[in-house]
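Close look at the chain arrangement
One-letter residues, chain by chain:
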Amino acid sequence: MGAVLDLHVARVPLLVLAVVFALPSCTYALNVLVAGGSGRVGGSTLRWLQKYSSRDPTLDLAVSVGCRTKESFDAAIRNGVVPSSGVDFVPMDLDGGDDEQLMNAIDGCGLVVNTAGPFQGRRDPALLRCCIAKRIPYVDVCDEYELAVESKKLVDQAKAAGVAAVVSCGIWPGVSALMAAEAKAKLEAKCGEGACDTLDFSFFTAGTGNAGPTIVSATFLLLATPALTYSGGQPTEKEPWTERRDVDFGTGVGPKPIWLLDNPDVPTTANALGVPNASSRFGTDPLPWNYLFGAMKAIPKSLLYNKDAMQNFALFSEPIIRFVDKLVGATNAMRVDAKTADGQHIVTTRIVHPDLEDCVGLATAAFAIEVLKGETVEPGIWYPSEMSQEARTNILEAARENTINYLV
């Protein structure tokens, strides 16, 4: 990854040499492929990668979009999701069962970022496996725990190949897990090691957060998925969209109702941080949408879990979705509470951004850059909560940008 300076020393004045060696010693000039880059999350990630590259003299990134068809790529350009110049199209199909075409797609890349959701229903981490074979660093925004577990099974191959990968990163899951690790550390600094008994994850997004139909279809899929919680150190499945709580997200949002929803942050942080109790809840605006989601559970799970059917329904509803988004905004709010067993001591972290689409790209790009630089993330496959203190600090500081409310 490091730059090689081809210096003909005898012909270079000493003053010029002094200037050259005063520059940063390592420049990351490489191709980055964003799989699913024609979607809202992928497009936002791509734009933030370009932004980080333009800010940092040690980064020189050429970003490409990986998606199934040229038509999708062209539509993303027309809709302003992808810049109209400076971005190449790479054909790829993550669900095609063809590792060879994935190998061809990632050939020559220095980093692969997988934003091609929804991830629900997938069980084969094919793109990660191909990246390990090609020795390419990798990050994804997977919010399907079973797929994340399958990814972790490749850890020995990743270490042997010298490949660093972070799975289930982004804003939530992702930054939220770092918030949990930070909250636990602060609680135990005050109350002693092992004092953290419970982690409560709370999320709110106004409308779709400008992320559009994809987040709606993903929520439909999650309504067919039991909400995995931890109780007394044991995984416990509960019915999704139950056990309502009213949670105060602080400045810019205030109190909001939220309901149980599956989130890989729960098992990954409970296991990695050794916390016996954990759960995750989510709510949205306008309020009737929450009751609509609750009513959707009456639909047979076989239909709810049909990715194509739910995506088509979400696309059919897109005009209404966009209209509602304009009415309610796009705010994304996260709160994580670390508590002692007696409930007497609580550390709360909050991060609120004005736009989910923007902040998920910011966060995913921050994880990607952290992996790319290789200074804080060793070879292996990591959940966000397993990352080093230095990596956690760097990414949380990046996530501070554009916040309405930041308490970490």
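Here the structure is a predicted model, which means the values were calculated and not measured.

Procedures and definitions
Residues numbered from 1 in each chain as written. Predicted model: local features only at pLDDT ≥ 70, side-chain atom pairs only at ≥ 80, totals over all residues. Heavy atoms only, no water. pLDDT = per-residue confidence, 0-100. Contact = heavy atoms within 4.5 Å. Helix = DSSP H or I, 4+ residues; strand = E, 2+ residues; numbered from the N terminus. Buried < 20%, exposed > 50% of the residue type's maximum accessible area, 1.4 Å probe, protein only. Axes fitted to C-alpha atoms, helices over the stretch in contact; angles between N-to-C directions. Parallel < 35°, antiparallel > 145°, perpendicular 65-115°, else oblique. Left-handed = near helix turned anticlockwise from the far one by under 90°. Arc of directions from axis to C-beta. Core = buried A, V, L, I, M, F, W, Y, C linked by side-chain atoms within 4.5 Å. Salt bridge = Lys/Arg side-chain N within 4 Å of Asp/Glu carboxyl O.

Brief notes about the confidence of the model for the chain
- Mean pLDDT over the chain stands at 90; residues scoring 70 or higher make up 90%.
- Low confidence marks residues 1-25, where pLDDT is under 50. Its contacts with residues over four positions away, or in another chain, come to 16 contacts.

Structural notes on the environment of proline 125
- Assignment of secondary structure puts proline 125 in the loop between strand E4 (111-114) and helix H5 (126-134).
- With a relative accessible area of 12%, proline 125 lands in the buried category.
- Spatially, the C-alpha atoms of proline 125 and alanine 148 are 8.0 Å apart, while their sequence positions differ by 23 residues.
- Excluding residues within four positions of it along the chain, proline 125 makes contact with Leu147, Glu150, Ser151 and Leu154.

Overview of the packing of helix H2 (residues 40-55) against helix H15 (residues 356-373)
- Where H2 meets H15, the axes come as close as 7 Å, and the angle between the chain directions of the two elements is 55°. The angle between the axes of H2 and H15 places the two elements in the oblique class. In this structure, H2 crosses over H15, and the sense of that crossing is right-handed. Residue-level inspection shows Arg40, Val41, Ser44, Thr45, Arg47, Trp48, Leu49 and Tyr52 of H2 in contact with H15, the latter providing Glu357, Asp358, Val360, Gly361, Leu362, Thr364, Ala365, Ala366, Ala368 and Ile369.

Describing helix H6 (residues 145-152)
- For H6, the complete set of buried residues consists of Leu147, Ala148 and Ser151. Take H6 and look down its axis: the buried residues cluster within an arc of 100°, on one side only.
- Where H6 is buried, its residues meet H5, helix H7 (155-161) and strand E15 (380-382).

Looking at the nonpolar core
- Judged by nonpolar contacts, the single largest core of 80 residues is most densely connected at Leu49, Leu61, Val175 and Leu199.
- If one sorts the elements of this core by residue count, H15 sits on top with twelve residues.
- When residues no more than four places from it in sequence are discounted, the contact partners of valine 175 are Gly170, Met334, Ile351, Ala363, Phe367, Ile395, Leu396 and Ala399.
- Counting residues in hydrophobic clusters, the runner-up holds 32 residues, among them Val90, Val112, Val163 and Val167.

Digging into the pattern of salt bridges
- Per the stated rule, a full pass over the model turns up 26 salt bridges.
- Between glutamate 239 and lysine 297 there is a salt bridge, with the nearest N and O atoms lying 2.8 Å from each other. With a gap of 58 residues between them, glutamate 239 in the loop between strand E9 (234-238) and strand E10 (245-248) and lysine 297 in the loop between helix H11 (287-296) and helix H12 (301-304) connect regions that are remote in the sequence.
- With its nearest N and O atoms 2.9 Å apart, the salt bridge here joins arginine 335 to aspartate 337.
- Residue arginine 335 is classed as buried on the basis of its relative accessible area of 16%.
- Among the charged side chains, a network of salt bridges with common partners joins Arg68, Asp93, Asp95 and Arg122.

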